[in-house]
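What the coordinates show
The lines below spell out each chain.
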Amino acid sequence: SLGFDLQKLSPGMMQYLGIKDPVGFLVLAVVPGSPAWKSGLRPQDIIREVGGQPLTSSDVWWRLVYEVQVGDSIGFKAERQNVPFEGKIIIEESK
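A short tour of the structure in this document, coming up. (Residues numbered from 1 in each chain as written. Predicted model: local features only at pLDDT ≥ 70, side-chain atom pairs only at ≥ 80, totals over all residues. Heavy atoms only, no water.)

Before going further, it helps to spend a moment on the overall build of the protein chain. When its secondary structure is counted, the protein chain shows three helices and six strands. Counting helices and strands in the order they occur from the N terminus, the protein chain gives β-α-β-α-β-β-α-β-β. Over its C-alpha atoms, taken along the principal directions, the protein chain stretches across nearly 35 × 25 × 20 Å. Across the 95 residues that make up the protein chain, the buried fraction comes to 38%. (Helix = DSSP H or I, 4+ residues; strand = E, 2+ residues; numbered from the N terminus. Buried < 20%, exposed > 50% of the residue type's maximum accessible area, 1.4 Å probe, protein only.)

As structure tokens, this is what we get:
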């Protein structure tokens, strides 16, 4: 597990968060100490892009995750309170 839960942005969520761009997924929860946590992701962040591809559907995410091995990294672009940032999730062995 990468240690986080995601949900596709919905119109209601977008309105609540005050955002206009529908591309991306909201980070609902992050397990402390997990690869997602170590990458800097936190709840309420919005992941916009993974592996250089816009995160338009869960298929984009899962296709990328299935291709990686332990030790690989997945680059992402995200936002926290409308401030863009980038990071990498390093894939670790499941515990």
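This part is about the packing of aromatic side chains. Tallying each qualifying case throughout the model produces three aromatic pairs. Their ring planes at 85 degrees and their centres at 5.6 Å tell us that Phe4 and Trp61 sit as a pair that is edge-to-face. Of the two residues, Phe4 sits in strand 1 (residues 4-8) while Trp61 sits in helix 3 (residues 58-67), which places them 57 residues apart along the sequence. Across the pair, exposure class does not vary: Phe4 and Trp61 are buried alike. (Phe/Tyr/Trp six-rings, centres within 6.5 Å; stacked < 30°, edge-to-face > 60°.)

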